[in-house]
Amino acid sequence: MYKTLFNINIYHSYFLNEGERTFFEFNGGNNGVTPLTTEEKKRLEEQYDISKFLSIQPTQETKKRLKNHRLLLRNHKKGVRVLSETTKVIAEEGNQEVDRYSPIITLPDSLTLTFYVKAHHSYFENFSNIIEKKEQQLYYLSNKTSSAINLFEAISEVKKWSSFLISENETRKLLHQLESEKEFQTTTPNLVSIANIAAFQLETIEAKLMNATPLNEEEQEVVNTINSFVKSIKNKGVIGLVQVQILGNDNTNLTEEVFVKNKETQLFDVLEKCLLETPPQFAVCIENRATFWRYTKTSESLVMTTSEERPLTLNGRVEINKQDVSPQPQNDYYFPNPTPESITLDPDNQNYYSEVFI
């Protein structure tokens, strides 16, 4: 029978918040705004469907690993679930016999599953607080320790997506590593793959860049080649990667060794690797973008801008009064909330503006 090995849940505040009322309290409070009730959160969560804007896709190597280890990948409304084909075994807990489940094919501690997180909503970048597509960086979520990232732990606390942004240097090294693994497994190597760049050569180049040492022409060509690959990946909608290893760090393991009943002796002296009794839940939330709202009343040649950034949300409404904009108009106007279609970045102050015509 198939049992859940782990879940990956990706939330998005644009779809879960209602105006300034937040689903998750990342900053320790609601800033004086009435919090969402339990019933309201339940309703919003029931309506939530990640497939409207994101997909979580296994790499080609991960597809093979899933198949070879009798693992299944299933989509659900919050993300994906990985299930393992198991056999039932009997363990002992508190002098009572309990059912545990052991994978039919042993899952080695080093088994690593990698997934691309891809956006497919036309205005995803507009309503999401993420780095721009033109930047040579990705988000990297993993339960393996790395100096470049925060540990993606399977705990009750939902982490912020923004905390997993890695540098250009780490992005290049990560994609080079994945492409190298891909080429190692293929029978028909790609002669133009970035995997053909030697790992030691890339390490030397990245060390030079870290120390602000000038690159020679050949080294600069290597950087340009990998940066072009990063760009091509991001142009396909990839915003980040999730990488989960069976033996994680800081109690993020996906299996555990348990003494189970020996069918011959009836003693609990057989050590089996079993799934955890409660499947690990890896959860992260992409925050919604906040922008300055710029209202233009063409008939009066009047342009009014909110004095503070306001959050973009699909649900609810942020109340804007004339005291909230500058210049403050003499007349009363109805200030509608903007939609994510029309957003501009001011090159001078690097602020984002939502444009609304009233």
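Since this is a predicted model, take the numbers as computed values, not measurements. (Residues numbered from 1 in each chain as written. Predicted model: local features only at pLDDT ≥ 70, side-chain atom pairs only at ≥ 80, totals over all residues. Heavy atoms only, no water.)

### Considering the overall build of the protein chain
Stated precisely, the cut-off is as follows: Only DSSP runs of H or I reaching four residues or more are called helices, and only runs of E reaching two or more are called strands; each is numbered from the N terminus. For the exposure calls, accessible area comes from a 1.4 Å probe over protein chains only, and a residue counts as buried if that area is under 20% of its type's maximum, exposed if over 50%, partly exposed in between. In this description, contact between two residues means that some pair of their heavy atoms is separated by no more than 4.5 Å. Exposure was quantified through the Shrake-Rupley algorithm and a 1.4 Å probe, taking into account, for residues, occlusion by the shown protein chains and nothing else. A residue counts as positive if it is Lys or Arg and as negative if it is Asp or Glu; His and the chain ends are not included. Every charge is mapped onto a representative atom, which is NZ of Lys, CZ of Arg, CG of Asp or CD of Glu.
Looking only at helices and strands, one finds 7 helices and 18 strands in the protein chain. Along the three orthogonal principal directions, the C-alpha set of the protein chain runs to about 90 × 60 × 30 Å. Among the 358 residues that make up the protein chain, the fraction classed as buried is 47%. In the protein chain, the proportion of contacts linking residues at least 24 apart, taken out of those at least 6 apart, comes to 65%. Accessible surface computed for the protein chain: about 18,800 Å², of which carbon and sulfur atoms make up 46%. Side-chain charges of the protein chain comprise 39 positive and 49 negative groups, with the mean position of each set lying 5 Å from the other.

### Some remarks on the pairing of strand β3 (residues 71-76)
The cut-off we apply is this: Strand pairing requires that DSSP identify at least two bridges connecting the strands.
The pairing of β3 with strand β4 (residues 79-93) spans 6 bridges and is antiparallel. Residue Asn 75 lies in a different strand from β4, and its bridge partner there is Val 80. Remark: 2 residues form the turn of the hairpin made by β3 and β4, two consecutive strands paired antiparallel.

### Some remarks on the packing of aromatic side chains
Each aromatic ring pair is summarised here by two numbers: the centre-to-centre distance and the angle between the ring planes. Counted only if it meets this: Here the aromatic set is Phe, Tyr and Trp, taking the six-membered ring for Trp, and pairing holds for ring centres within 6.5 Å; pairs whose planes are under 30 degrees apart are stacked, those over 60 apart are edge-to-face, and all others are tilted.
As enumerated under the stated definition, the model contains 17 aromatic pairs in all. Judged by centre distance (4.5 Å) and plane angle (10°), the ring pair of Phe 15 and Phe 53 falls under stacked. On the criterion of sequence distance, the pair formed by Phe 15 in helix α1 (residues 13-16) and Phe 53 in the loop between α2 (38-47) and β2 (54-58) is long-range, its members being 38 residues apart. Per residue, the accessibility class of Phe 15 equals that of Phe 53, and both read buried. A centroid spacing of 6.2 Å and a plane angle of 15° characterise the contact between Phe 53 and Phe 124, whose relative ring orientation is stacked. With Phe 53 in the loop between α2 and β2 and Phe 124 in helix α4 (residues 124-127), the pair connects residues that are 71 residues apart, well separated along the chain. Here the two residues Phe 53 and Phe 124 agree in accessibility, since each one is buried.

### As for the sheet that holds β2
What counts, and what does not: A fitted line through C-alpha atoms represents every axis, and for helices the fit uses only the stretch in contact; the resulting angles, taken between N-to-C directions, go from 0 to 180 degrees.
Strand order in the open sheet made by the 4 strands is β2-β6-β9-β7, with mixed pairing throughout. Only two strands of the sheet have a single neighbouring strand rather than two, namely β2 and β7 (139-142). Each neighbouring strand pair of the sheet contributes to a mean axis angle of 20°, computed without reference to strand direction. Where β2 and strand β6 (residues 112-119) come together, 5 bridges link them in antiparallel fashion. Across the sheet, the residue bridging to Gln 57 is Tyr 116, located in β6. The strands touched by helix α3 (residues 60-68) are β2 and β6; relative to β6, the strand with the most contacts, the crossing angle is about 130°.

### Examining the packing of helix α6 (residues 199-210) against helix α7 (residues 217-235)
Going by this rule: Comment on the angle field: the value is read as roughly parallel under 35 degrees, roughly antiparallel over 145, roughly perpendicular from 65 to 115, and oblique elsewhere.
For the pair α6 and α7, the least separation of the axes is 10 Å and the interaxial angle reads 100°. Taken together, the axes of α6 and α7 lie roughly perpendicular to each other. On the side of α6, the interface is formed by Gln 201, Leu 202, Ile 205, Lys 208 and Leu 209, while α7 contributes Glu 218, Glu 219, Val 222, Val 223 and Ile 226.

### Here's the deal with the environment of Ala 199
Note that Ala 199 resides in helix α6. Given the relative accessible area of 48%, Ala 199 is considered partly exposed. Here the alpha-carbon distance between Ala 199 and Arg 310, two residues 111 residues apart in the chain, equals 45 Å.

### Some thoughts on the nonpolar core
Here is the rule we go by: Nine residue types can take part in a nonpolar core, namely buried Ala, Val, Leu, Ile, Met, Phe, Trp, Tyr and Cys, and a core is a set of them joined through side-chain atoms within 4.5 Å.
Ranked by size, the top nonpolar core spans 61 residues in total, and within it Leu 5, Phe 6, Ile 10, Leu 54, Phe 124, Trp 161 and Ile 239 carry the most contacts. Beyond its immediate stretch of four places on either side in the chain, Trp 161 contacts Ile 10, Val 117, Ile 130, Tyr 139, Leu 141, Ile 239, Gly 240, Val 284, Cys 285 and Ile 286. Counting residues in hydrophobic clusters, the runner-up holds 21 residues, among them Tyr 140, Ile 205, Leu 215 and Phe 229.

### Some words on the side chain of Thr 114
Where we set the bar: The definition of a polar contact used here is a pair of N or O atoms within 3.5 Å, where within protein one atom must be able to donate a hydrogen and the other to accept one, and adjacent residues in sequence count solely through side-chain atom pairs.
Considering the arrangement of structural elements, one finds Thr 114 in strand β6. Classification of Thr 114 by relative accessible area gives buried; the value is 3%. There is a polar contact of 2.8 Å between the side chain of Thr 114 and the side chain of Gln 243. Apart from residues lying up to four places away in sequence, Thr 114 is in contact with Gln 57, Pro 58, Thr 59, Thr 62, Leu 178, Leu 241, Val 242 and Gln 243.

### As for unusual backbone geometry
Along the chain, Ser 326 connects to Pro 327 via a cis peptide bond; the corresponding omega equals -5°. Within the secondary structure, Pro 327 is located in the loop between β16 (325-326) and β17 (343-345). Positive phi, normally seen in glycine, also occurs at Ala 212, with a value near 60°. The exposure class assigned to Ala 212 is exposed, which follows from its relative accessible area of 68%. A positive phi is found at Gln 350, a non-glycine position, where the angle reads about 60°.

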